[in-house]
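These are the residues of each chain, in order.
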Amino acid sequence: MKRTLIISAAILLKAVIAFAQDKPADAPHEMQHMHHGGFMQGGMHHAAAKGVVLDAKVDAAAHTITLRVGPMNLPAHTSHMKMPQPPDLIWEVPMEGWLLAYHPKLVDASGNAVPGTVLHHVAFWNENRADFLCPNKEEHIFGAGSEMTDWAEIPGYGYRVRKGDKIRIETMMHNATATSYDRAYLEVVIPFQEAAGDASGGAARKSVYPAWMDVASCGNSGYDLPAGKSEKTGTVTVKYDGVLLGVGGHLHDYGKQIVLEDVSRKETVATLEAKADAEGHLESVPVKLFVQEGGYKFAKGDVLKISATYDNSTGKLLRDGAMGIAVGYFAAADDAKMAALRRKEKPAHDMAGMSHDQ
């Protein structure tokens, strides 16, 4: 049965995101201390939302963890720049094992559904690991935007975690609707399997690594979108042998397609055509799976090229109005080599989520 394994449409974030200055990936500071601004808001400064906390509940019988961020008051007609934003919150992983899927939703205090359009983005970052394509970044393990795309389980695979791993949860809200929502909550249900002594039994899972392949390479993802048709490209270099199990894409409004190519092999890995409404508002980006073929092989040293095509019909430049990211799950040929991604030290962070030299 075909399963949606990663992402469609706006899995990271939905609309305009501003970033701090874009530092080169090989800057000494970046190599020593991973920064947070790579895919998300970077150095943006917002008013802080008061009283927003993280509640984590483990259902041992169902083998699920429910993370709940809130309460958040979301006044009507409020942009993400003017909306008081939740602080970054830290979830400490309570078990050894694998996270299997991510099921996000928005609700009010009574449990009634709140439309996903008010979620600008949520992102989960593992502060204890580096991204395998961009080691200047923390490992970005999950993201969702206004479409609340569900990350389904991949049979036999999971994201390996250790007890005590610190997962930073970065949430940004906005509300372009005419309805205000008071005391809204973001909930993410995460099925899990423990590594040993798990009452559910089950064989050990193969580990997957989130692969975020960005037109901005290893810099900050947001960029200005010019009026009319445009294309932006970037490259990343694979550092480990392995296979890509599937790939989806993230674009913003007026996005047309994402293309992922293996330049070293002179092959197109995937062409993902976006679906939008008559006004150009993004509705979905498809997922291409390689599981049945055993995965699309990547070799250490392969150069991957990512291209994002837009057609901005507004007639004006949209500041930080675009992103272009191909997102997949990577399974390493030699998982032992991936242990190098584990960080030895945790950097200090300021309120904007940026790291400092120590």
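This is a predicted model, so every value here is computed, not measured.

Novice: Tell me about the packing of aromatic side chains, residues and numbers included.
Specialist: A complete count under the given rule lists 12 aromatic pairs for this structure. Counting every residue linked through ring pairs, the aromatic cluster contains Tyr 102, Phe 124, Phe 142, Trp 151, Trp 212 and Tyr 329. Over the face of the ring belonging to Trp 98 we find Arg 160, whose NZ or CZ atom lies 5.1 Å from the ring centre. Above the plane of the ring of Tyr 223 lies Lys 232, whose end atom (NZ or CZ) is 5.2 Å from the centre.

Novice: How would you summarise the environment of Asp 335 if you had to cite specific residues and measurements?
Specialist: As for its position among the elements, Asp 335 is in the segment after strand S24 (324-332). On the basis of relative accessible area, Asp 335 is assigned to the partly exposed category, the value being 36%. Remark: the alpha-carbon pair of Asp 335 and Lys 206, spanning 129 residues in sequence, is separated by 8.7 Å. If sequence neighbours within four positions are ignored, Asp 335 has contacts with Ser 207 and Tyr 209.

Novice: Could you give an account of the pattern of salt bridges, with specific residues and numbers?
Specialist: This model, assessed by the stated rule, comprises 15 salt bridges. Arg 168 is the partner of Glu 127 in a salt bridge, and the nearest nitrogen-oxygen pair spans 3.6 Å. Of this pair, Glu 127 sits in strand S6 (residues 119-130) while Arg 168 sits in strand S9 (residues 166-173), and the two are 41 residues apart along the sequence. With respect to burial, Glu 127 and Arg 168 carry one shared label: buried. Between Glu 138 and Arg 343 there is a salt bridge, with the nearest N and O atoms lying 4.0 Å from each other. Highlighted residues: Glu 138 in strand S7 (residues 138-144) and Arg 343 in the segment after S24, separated in sequence by 205 residues. Residue Glu 138 is classed as buried on the basis of its relative accessible area of 0%. On the accessibility criterion, Arg 343 (15% relative accessible area) is buried.

Novice: Residues and numbers for the nonpolar core, please.
Specialist: Counting residues in hydrophobic clusters, the biggest one holds 47 residues, and the most contacted among them are Trp 91, Leu 99, Tyr 102, Phe 124 and Phe 142. With near-sequence residues (within four places) excluded, Phe 142 lies in contact with Tyr 102, Pro 104, Val 122, Ala 123, Phe 124, Trp 151, Val 188 and Trp 212. Counting 39 residues, the second-largest nonpolar core is a separate cluster that includes Cys 134, Val 238, Tyr 240 and Ala 322.

Novice: Describe the pairing of strand S3 (residues 89-92), listing the residues and the values that go with them.
Specialist: By the alternation rule, side chains of S3 split into Leu 89 and Trp 91, which are all buried, and Ile 90 and Glu 92, of which none is buried. Relative to S9, S3 runs antiparallel, the two being bridged by four bridges. Considered in S9, the bridge of Trp 91 is made with Ile 167.

Novice: I'd like a description of the sheet that holds strand S22 (residues 303-312), backed by residues and values.
Specialist: Taken in spatial order, the four strands of this open sheet run S14-S22-S16-S17, and their pairing is antiparallel. Strands with a single pairing partner mark the edges of an open sheet, and in this sheet they are strand S14 (228-237) and strand S17 (267-273). Averaged over all pairs of adjacent strands, the angle between their axes in this sheet comes to 15°, without regard to strand direction. Across seven bridges, the pairing between strand S16 (residues 255-262) and S22 is antiparallel. Residue Gly 255 lies in a different strand from S22, and its bridge partner there is Tyr 310.

Conventions and cut-offs
- Residues numbered from 1 in each chain as written.
- Predicted model: local features only at pLDDT ≥ 70, side-chain atom pairs only at ≥ 80, totals over all residues.
- Heavy atoms only, no water.
- Phe/Tyr/Trp six-rings, centres within 6.5 Å; stacked < 30°, edge-to-face > 60°.
- Lys NZ or Arg CZ within 6 Å of the ring centre and 35° of its normal.
- Helix = DSSP H or I, 4+ residues; strand = E, 2+ residues; numbered from the N terminus.
- Buried < 20%, exposed > 50% of the residue type's maximum accessible area, 1.4 Å probe, protein only.
- Contact = heavy atoms within 4.5 Å.
- Salt bridge = Lys/Arg side-chain N within 4 Å of Asp/Glu carboxyl O.
- Core = buried A, V, L, I, M, F, W, Y, C linked by side-chain atoms within 4.5 Å.
- Pairing = 2+ DSSP bridges.
- Axes fitted to C-alpha atoms, helices over the stretch in contact; angles between N-to-C directions.

Read these as spatial facts, not as claims about activity.
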